[in-house]
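Residues per chain are reported as follows:
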Amino acid sequence: MVLPMNGTWRVGEIVVVIAVILAVLLALGWYLSYTAVRLDRLHHRVKGTAAALDAQLVRRAEAALEVAYLAGIDPASATLLATSAGRVLDHEEAWSQERLDAESELTEVLRATQEPEAAQSAEVEELIERLRGTGERVQLARRFHNESVHEARDVRGQRLVRFLHLAGRAKVPLPINFDDDWPNAG
């Protein structure tokens, strides 16, 4: 738009300038609102994936206890397995370092524990298969959670989001890392 030489604006030009300014402000407002809602949804998703991971970890520990008590593995392995699973279930704080260490320890014990060599009953086979399945679901749940965390952190890292504090007082989500390389699909 070119300014008039005599310094006077016509009403039509003023209306166009105001309309353009309003359109830019509306677009900016929409973008900020969209980003804030998206960030809120991502934070809720992180909480949901953390809860799902926690549930899968509890199921894994319970399945490990059942295998320790009912599957007929050697007594030393059964004791280690029951102790490790019990430590996992005893932790009150959801994502403390102690809990993550206990989860890694349970994974190590599961890898080291030998399956019963004798002919297995259908019940024992079912227990061991359940334990394998819970291990696979733990791996998937942790992967989904960490992907959600990564996505939320990416949005939080945008300059405009940081400058305008669109994340509010929500804590920065952290990935959950522990050894979960057991059981292998098999």
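For clarity, every value in this text was computed on a predicted model and none was experimentally measured.

Caption draft 1: Highlighting the pattern of salt bridges. In this structure the tally under the stated criterion is 10 salt bridges. With its nearest N and O atoms 2.8 Å apart, the salt bridge here joins Asp54 to Arg99. You can see Asp54 sitting in helix α1 (residues 11-70) and its partner Arg99 sitting in helix α3 (residues 97-112), a full 45 residues away along the chain. Relative accessible area serves as the criterion here: at 26%, Asp54 is assigned to the partly exposed category. Overall, Arg99 belongs to the buried group, its relative accessible area being 4%. A salt bridge links Glu103 to Arg60, with the shortest nitrogen-to-oxygen separation between them at 2.8 Å. Here Glu103 is found in helix α3, whereas its partner Arg60 is found in helix α1, with 43 residues between them in sequence. You can call Glu103 buried: its relative accessible area is 0%. Since its relative accessible area comes to 0%, Arg60 is described here as buried. Salt bridges linked by common partners bring Asp54, Arg60, Arg99 and Glu103 together as one network.

Caption draft 2: Spotlight on the nonpolar core. Judged by nonpolar contacts, the single largest core of 19 residues is most densely connected at Ala64, Leu81, Ala85, Leu106, Leu110 and Leu131. Listing elements by their share of this core, those giving two or more residues are α1, α2 (75-90), α3 and α4 (122-156). Sorting elements by how many residues they give to this core places α1 first, with six residues. Those residues in contact with Leu106, other than ones at most four positions away along the chain, are Arg60, Ala61, Ala64, Leu81, Ser84, Ala85 and Val88.

Caption draft 3: Representation of the packing of α2 against α3 within the structure. In the contact formed by α2 and α3, the axes pass within 9 Å of each other and the chain directions differ by 155°. The angle between the axes of α2 and α3 places the two elements in the roughly antiparallel class. Between α2 and α3 lies a crossing of left-handed hand. From α2, Leu80, Leu81, Ser84, Ala85, Arg87 and Val88 reach across to α3, where they touch Arg99, Ala102, Glu103, Glu105, Leu106, Val109 and Leu110. Of the residues that constitute the contact of α2 with α3, the class distribution is eight nonpolar, one polar and four charged.

Caption draft 4: Local environment of the packing of aromatic side chains. For the structure shown, the criterion picks out one aromatic pair. Here Trp30 and Tyr34 contribute two aromatic rings whose centre-to-centre distance is 5.4 Å and whose plane-to-plane angle is 15°, an arrangement assigned as stacked. Linking Trp30 with Tyr34, this pair stays in helix α1, spanning four residues, or about one helical turn. If you follow Arg99 out to its NZ or CZ, it ends over the ring of Trp95, 5.2 Å from the centre. The ring of Phe178 carries Arg142 above its face, with NZ or CZ at 5.6 Å from the centroid.

Rules used throughout
Residues numbered from 1 in each chain as written. Predicted model: local features only at pLDDT ≥ 70, side-chain atom pairs only at ≥ 80, totals over all residues. Heavy atoms only, no water. Salt bridge = Lys/Arg side-chain N within 4 Å of Asp/Glu carboxyl O. Helix = DSSP H or I, 4+ residues; strand = E, 2+ residues; numbered from the N terminus. Buried < 20%, exposed > 50% of the residue type's maximum accessible area, 1.4 Å probe, protein only. Core = buried A, V, L, I, M, F, W, Y, C linked by side-chain atoms within 4.5 Å. Contact = heavy atoms within 4.5 Å. Axes fitted to C-alpha atoms, helices over the stretch in contact; angles between N-to-C directions. Parallel < 35°, antiparallel > 145°, perpendicular 65-115°, else oblique. Left-handed = near helix turned anticlockwise from the far one by under 90°. Nonpolar A, V, L, I, M, F, W, Y, C, P; charged D, E, K, R; others polar. Phe/Tyr/Trp six-rings, centres within 6.5 Å; stacked < 30°, edge-to-face > 60°. Lys NZ or Arg CZ within 6 Å of the ring centre and 35° of its normal.

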